[in-house]
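Below, each chain spelled out in residue letters.
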Amino acid sequence: MIRSLQYVALTCPDMNEGKKFYDAMGLEGRKDGEHLVYRCAGRAQDQLRLVPGEKKGIAWIAWGTRAGEIEILAKNLDKAGVPMAAAPGGVENNGLWFRDPDGVLVNIIVAEPQPQTRAAVEINNPGTEYLRKGRRGAPNRNIDTRPRKLGHILKFTTDINRDAKFYTEVLGMKLSDRIGDELAAFLRCGGDSDHHTLAMATSEAPGLHHMSWEMGNVDQLQMCAERLLKAGYQDGWGMGRHIYGSNYFHYIRDPWMGLNEFFWDIDFIPEDAHWEVEKAEANEESLFQWATSPPPEDFLKNYEAVAA
Ligand SMILES: [Fe+2]
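Note that the structure is a prediction, hence the values are computed from the model and not measured.

### Some points on the sheet that holds strand β5 (residues 57-65)
Spatially, β2-β3-β4-β1-β5-β7-β6 is the arrangement adopted by the 7 strands of the open sheet, whose pairing is mixed. With partners counted over all chains shown, the strands left at the sheet margins are β2 (28-32) and β6 (96-99), one partner each. On average, each strand axis in the sheet is inclined to that of its neighbour by 20 degrees, with strand direction left out of account. With 5 bridges joining them, β2 and strand β3 (residues 35-39) adopt antiparallel strand pairing. The partner of Asp32 across the bridge, within β3, is His35. Along the sheet, helix α2 (residues 70-79) contacts β5, β6 and β7 (105-110); its crossing angle with β6, the most-contacted strand, is approximately 30 degrees.

### So, unusual backbone geometry
That bond from Gly238 to Met239 is cis: its omega, 0 degrees, falls within 30 degrees of zero. Relative to the helices and strands, Met239 is located in strand β14 (residues 235-241). The backbone phi angle of Ser246 is positive, close to 65 degrees, even though this residue is not glycine. Secondary-structure assignment places Ser246 in the loop between β14 and β15 (248-253). Even without being a glycine, Met257 presents a positive backbone phi close to 70 degrees. The residue Met257 is located in the loop between β15 and β16 (259-264) in this model.

### A short note on the nonpolar core
Among the nonpolar cores identified, the biggest contains 55 residues, and Trp63, Tyr167, Leu171 and Phe262 are the most heavily contacted of them. A per-element tally of this core places helix α3 (residues 160-170) first, with 5 residues. Not counting residues up to four positions away in its chain, the partners in contact with Tyr167 are Trp63, Asp100, Val106, Lys155, Gly172, Met173, Leu187, Leu198 and Met200. Ile179, Ala201, Tyr251 and Phe299 belong to the second-largest nonpolar core, a separate cluster that totals 16 residues.

### Thoughts on empty space enclosed by the protein
Evaluation of the coordinates by the stated rule reveals 3 cavities of 30 Å³ or more. When its volume is computed, the largest cavity comes out at roughly 200 Å³. Lining the largest cavity are 21 residues, with Leu154, Phe186, His242, Tyr251 and Leu287 positioned closest to its centre. Counting residues per element, the ones that place at least two in the lining of the largest cavity are β8 (149-157), β10 (184-188) and β12 (198-202). Taken together, the residues of the lining of the largest cavity break down into 14 nonpolar, 6 polar and 1 charged. Together, 13 residues line the second largest cavity, and Leu208, Met257, Gly258, Lys301 and Tyr303 are the ones closest to its centre. Looking at the lining of the second largest cavity, the elements with two or more residues in it are β13 (207-214) and α5 (303-307). Taken together, the residues that form the lining of the second largest cavity break down as 6 nonpolar, 3 polar and 4 charged.

### Quick notes on helix α1 (residues 15-25)
Met15, Gly18, Phe21, Tyr22 and Met25 are the residues of α1 that are buried. End-on, the buried residues of α1 take up no more than an arc of 125 degrees, which puts them together on one face. The N-capping residue of α1, defined by a side-chain oxygen 3.1 Å from the backbone nitrogen of Asn16, is Asp14. One or two residues past the end of α1 sits Gly26, with phi positive at roughly 100 degrees.

About the cut-offs
- Residues numbered from 1 in each chain as written.
- Predicted model: local features only at pLDDT ≥ 70, side-chain atom pairs only at ≥ 80, totals over all residues.
- Heavy atoms only, no water.
- Pairing = 2+ DSSP bridges.
- Helix = DSSP H or I, 4+ residues; strand = E, 2+ residues; numbered from the N terminus.
- Axes fitted to C-alpha atoms, helices over the stretch in contact; angles between N-to-C directions.
- Contact = heavy atoms within 4.5 Å.
- Core = buried A, V, L, I, M, F, W, Y, C linked by side-chain atoms within 4.5 Å.
- Buried < 20%, exposed > 50% of the residue type's maximum accessible area, 1.4 Å probe, protein only.
- 1 Å grid on protein atoms, 1.4 Å probe; cavity = no way out; pocket = protein on both sides within 12 Å on 5 of 7 lines; lining within 4 Å.
- Points joined across faces, edges and corners; volume = space filled by probe spheres on them.
- Nonpolar A, V, L, I, M, F, W, Y, C, P; charged D, E, K, R; others polar.
- Arc of directions from axis to C-beta.
- Polar contact = N/O pair within 3.5 Å; in protein donor to acceptor, adjacent residues only side chain to side chain.

So, in structure tokens, the structure goes:
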């Protein structure tokens, strides 16, 4: 089964603009041939690979599994009639390469999710537990506001039921919740997992709606978003709190109108937890519990399809 989200590879029409944006976000980049590879500070795991390309879009998505399970996944794919694909140029040809039902290239490798080594932020919980006693808690403006982890992605799919069936039945992910029959589905990794590592929304074409970056607390979340706004990047939506996943969010658009979500405090579901799947009404209210504004009209617009 799929056990972790490793990284996302994106085609990028202007590598300098891409570098400027992800540097401003606070990721740590390095060159790998023609590609730019990004990690979160304090975490020894690639999270993003920019590949030169004509337009912005998913090049491939890399997931992690365990050594004993990759053969099972290979058998499942074979049984489902999914042919293996060639690895793209410029990357190591390891693990399984294939296309999902939407035609999105997927790579599954044997890899453990790496820990974040930067210290967790101390949270005060008035009424239950005071961790910060006898001192002020408001953060300085120069605190570390760099993302800690790529937590999940939301991809557009032309058939959400077909895609969800593939990722659960063939690749061992689990359905956590959904919004309507067609609007959105939230899937988590097999094993212990955040509420969703792969979310899907219906669209006229495949594409990437957002990548979501975990922050250390709500200050970091908002201050990272504000830093990008001050640098001239466009607001996406937020801040607010979702219902499915429960996380606080603020979305900022990249130079090609793709969204990057900064999140904190997402639901975590242990492997042995009893979790009832909830199906919400397919309406705007199901997208959020509260927010500083309602979602903008283009929040669920597939800019990659428009640009096609
Ligand atoms: Fe998200």
